[in-house]
Amino acid sequence: MAERTVSGTWSVVITGEQWALLHGHLFPGDGDEHGAILRCGIAESSRGARLLVHDVVPAVDGIDYIEGQRGYRKLTAEFVAENIGMCAEQGLAYLAVHNHGGQDRVGFSRTDMASHERGYPALLDINAGVPVGALVFAENAVAGDIWTSDGERHTVIDLRVAGRPHLTLTPELIIAPMSDPTYDRQARIFGDRGQTILGGSKVAVVGLGGIGSLIGEYLARLGVGELVFIDPDRIDPTNLPRVVGARRFDAWSPLQSDTRPRWMQRLGARLATPKVKIAARAARQASKTVRITQVRRSVVDSDVAMLLTDCDHIFLAADSALARRLVNSVTHQYLIPNTQVGSKVTVIDDTIADIFSVVRMSSPGSGCLQCNELIPAWRLTEEATSEVQRHRQRYVDDENIHAPSVITLNAVAASRAVDDWLMAIGGLTDSAVSADHWVAYHPLTDEVIEHEPAKSPDCRHCGPFRFAMGDKRSLLARP
Ligand SMILES: [Zn+2]
Ligand SMILES: [Zn+2]
């Protein structure tokens, strides 16, 4: 890598499925030492650098992982050569993995460190300067030693499992500090540990309309530490029945009334408060410590899209196929789970045909919105071509503004979305619950329909081309 602007921390991120594979391989119950190699994409941001596990390659005992002359066991030269070759080809970081005994604390032995010093300068060279290094595991702990082309070595502060089960491993067990008494009632559910996770989380909400404003409110009240609000629009008088935190004055309703001349309606629309500002105001009323980034732009602009790439979770409450495509790809490229939320009322010939709200939580690596045909190509084309046109007319006659909608329906979706995420990060979700289940609620028939997303292996979003590649691929955003 040419330049390194990040001097911060190093973390490793892995999916639930990969974690089960790796942990099962290292700790099959025989108490012995085992090995593996991880090939990783890299994501760098002001929060630090993350190694995103692209592949877990278990070393077969006795074939790839054998008795060593210096240490107890080692990866064979052939196994290392094959994997560093693949890393070099794909521009991925290389991590050699083994385990020690013990539970909650781990560190490299002197022999381990000596072998890094003998081997890693050459590996770094073969890998064209893309980082190489090692991780050592105990059952509930991990330590790491990462080598970068600037000659620096970095310790790994943690390994996080993205999605379910929500796990964070560190070199030694960290006791969570007592949480702020304000949060006493919910800390009785999620523990001080859960509250600490909430306080350390950075969460994006894309779309701050009916559903997104509720999500923003919930997240702020829960004590989430950092929020990123993204929405290009200003409030409209017809939003007042649904956008929480909006005041009558925000919408300049008297100017925007239908009886006013067009120019006055336009002026009202221009003076109206941006939705992100309303959401930020509501969040600050709920929490004095929350940090908020407000972006009054479209999420599909590439510099705005980049803001999503170091969040811990993304709530997508914007009804646009372009936004769906972007967020979906970020989830799999950067290993950041997302929840897509929406509610819809279908009217056919002036009759309500169906009402439903839908919540789709997606973990990286599992079936995505793209392979489940929820990002139709015709809508992408339509949105891309009509965007300029729509932008001109947005305030007066955007059809979305006049689509049927009600706060209660939005609240069902928003609550469910945040609740699913909360239970997962609080570690309370039953282990039998699959990582991803998509839920649709139909109040007219009182039905709740769940389904598990399918996954197509060659998907351009969740498949190998983009999966865990981090900064190596460009985002599906507007340049
Ligand atoms: Zn060791
Ligand atoms: Zn997919």
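Predicted model, so just to flag it, every value in this text is computed and none were measured.

Peer 1: Is there a simple way to think about the overall build of the protein in this case?
Peer 2: Counting its secondary structure elements, the protein contains 12 helices and 18 strands. Here the C-alpha coordinates of the protein stretch approximately 90 × 50 × 40 Å along the principal axes. Here the protein holds 479 residues, and 46% of them are scored as buried. For the protein, the share of sequence-separated contacts (at least 6 apart) that also reach a separation of at least 24 residues comes to 71%.

Peer 1: What am I meant to see in helix H5 (residues 210-222) here?
Peer 2: Every α-helical turn comprises 3.6 residues, leaving residues that sit three or four positions apart pointing alike. Taking 1.5 Å per residue as the helical rise, H5 with its 13 residues ought to reach 18 Å, and the 19 Å between its terminal C-alpha atoms agrees with that figure. Among the 13 residues that make up H5, 12 are buried, leaving the element largely enclosed by the rest of the structure. Among the residues of H5, those classed as buried are Gly 210, Ile 211, Gly 212, Ser 213, Leu 214, Ile 215, Gly 216, Glu 217, Tyr 218, Leu 219, Ala 220 and Leu 222. Two residues or fewer past H5, Gly 223 is found with a positive phi of approximately 100°.

Peer 1: Quick question: what am I supposed to make of the nonpolar core here?
Peer 2: Within soluble globular proteins, side chains that are nonpolar generally end up buried alongside one another. Within the largest apolar cluster, 131 residues are counted, with the highest numbers of intra-cluster contacts made by Leu 95, Val 206, Ile 215 and Phe 315. Sort the elements by how many residues they give to this core and helix H12 (residues 407-425) lands first, with 10 residues. When residues of this core are assigned to domains, at least three fall in each of domain 1 (10-169) and domain 2 (182-451). In this structure, Ile 215 is in contact with Val 205, Phe 315, Ala 317, Ala 414, Ala 417 and Val 418, ignoring residues within four places of it in sequence.

Peer 1: Before we go on, may I ask you to explain the sheet that holds strand S18 (residues 447-451) in this structure?
Peer 2: The strands that make up a sheet are held in pairs by hydrogen bonds between backbone atoms, and each pair lies either parallel or antiparallel. The strand order S13-S12-S11-S14-S15-S16-S17-S18 describes an open sheet built from 8 strands, whose pairing is mixed. The strands lining the two open edges of the sheet, one partner per strand, are strand S13 (291-295) and S18. The sheet shows a mean angle of 15° between the axes of neighbouring strands, direction not considered. Set on the sheet, helix H8 (residues 275-286) makes contact with strand S12 (226-230) and S13; between it and S13 the angle comes to about 170°.

Peer 1: What is the right way to read the pairing of strand S11 (residues 202-206) from this model?
Peer 2: Within S11, 4 of the 5 residues are buried, which leaves the element mostly enclosed by the surrounding structure. For the crossover from S11 across H5 to S12, the handedness is right-handed. Alignment of S11 against strand S14 (residues 313-316), held across 4 bridges, turns out to be parallel. Bridged to Ala 204 within S14 is Ile 314.

Peer 1: What is the right way to read the packing of H5 against H8 from this model?
Peer 2: The angle between the axes and the distance between the axes are what describe a pair of packed helices. Axis separation between H5 and H8 bottoms out at 8 Å; the angle between their running directions is 25°. Accordingly, the angle class assigned to the pair H5 and H8 is roughly parallel. Handedness of the H5/H8 crossing: right-handed. In this structure, H5 contributes Ser 213, Gly 216, Glu 217, Ala 220 and Arg 221 to the contact, and H8 contributes Ala 279, Ala 282, Ala 283 and Ala 286. A per-class count over the contact of H5 with H8 returns 5 nonpolar, 2 polar and 2 charged.

Peer 1: Is there a simple way to think about unusual backbone geometry in this case?
Peer 2: Outside of glycine, negative phi angles account for most residues, and trans bonds account for most peptide bonds. The phi dihedral of Trp 252 falls on the positive side, at around 50°, and the residue is not glycine. Position of Trp 252 among the secondary structure elements: in the loop between S12 and helix H6 (253-256). Given 22 C-beta atoms within a 10 Å radius, Trp 252 is considered buried. Positive phi outside glycine occurs at Asp 349, with the angle close to 50°. Here Asp 349 is to be found in the loop between strand S15 (338-348) and strand S16 (351-362).

Peer 1: Would you take a moment to explain the packing of H5 against H12 for this structure?
Peer 2: Two elements in contact, H5 and H12, have axes separated by 9 Å at closest approach and are oriented at 40°. The angle between H5 and H12 falls in the class oblique. Every pair of crossing elements has a handedness; the one defined by H5 and H12 is right-handed. Every residue of H12 that contacts H5 at Gly 210, Ile 211, Leu 214, Ile 215, Tyr 218, Leu 219 and Leu 222 is listed here: Ile 407, Asn 410, Ala 411, Ala 413, Ala 414, Ala 417, Val 418 and Leu 422. Split into classes, the residues belonging to the contact of H5 with H12 amount to 13 nonpolar, 2 polar and no charged.

Peer 1: Would you mind going over the environment of Gly 342 with me for this structure?
Peer 2: Residue position: Gly 342 is located in strand S15. According to the C-beta neighbour criterion, Gly 342 is buried, with 21 such atoms within 10 Å. Residues Gly 342 and Val 412, spaced 70 residues apart in sequence, show a C-alpha to C-alpha distance of 10.0 Å. Setting aside its immediate chain neighbours within four residues, Gly 342 contacts Asp 319, Ser 357, Val 358 and Ala 413.

Peer 1: Just checking my understanding: could you explain the domain arrangement of the protein for this structure?
Peer 2: Often, the extent of an interface is quoted as the loss of accessible area on bringing the components together. In terms of domains, the protein is made up of domain 1 (10-169) and domain 2 (182-451). If you average the C-alpha positions of domain 1 and of domain 2, the two centres end up 37 Å apart. Tallying the contact residues gives 13 residues for domain 1 and 15 residues for domain 2.

Peer 1: Can you help me understand the environment of Gly 225 in this one?
Peer 2: As for its placement among the helices and strands, Gly 225 is situated in the loop between H5 and S12. C-alpha of Gly 225 to C-alpha of Lys 202: the two residues are 23 residues apart in sequence and 6.3 Å apart in space. Setting aside chain neighbours within four positions, we find Gly 225 in contact with Gly 199, Gly 200, Ser 201, Lys 202, Val 290 and Arg 291.

Basis of the calculations
- Residues numbered from 1 in each chain as written.
- Chains lettered and ligands numbered in written order.
- Predicted model: local features only at pLDDT ≥ 70, side-chain atom pairs only at ≥ 80, totals over all residues.
- Helix = DSSP H or I, 4+ residues; strand = E, 2+ residues; numbered from the N terminus.
- Buried ≥ 20, exposed ≤ 12 C-beta atoms within 10 Å, placed from the backbone.
- Contact = placed C-beta atoms within 7 Å.
- Expected span 1.5 Å × (residues − 1).
- Core = buried A, V, L, I, M, F, W, Y, C linked by C-beta atoms within 7 Å.
- Domains from an automatic or database assignment.
- Pairing = 2+ DSSP bridges.
- Axes fitted to C-alpha atoms, helices over the stretch in contact; angles between N-to-C directions.
- Right-handed = clockwise from strand over helix to strand, strands pointing away.
- Parallel < 35°, antiparallel > 145°, perpendicular 65-115°, else oblique.
- Left-handed = near helix turned anticlockwise from the far one by under 90°.
- Nonpolar A, V, L, I, M, F, W, Y, C, P; charged D, E, K, R; others polar.

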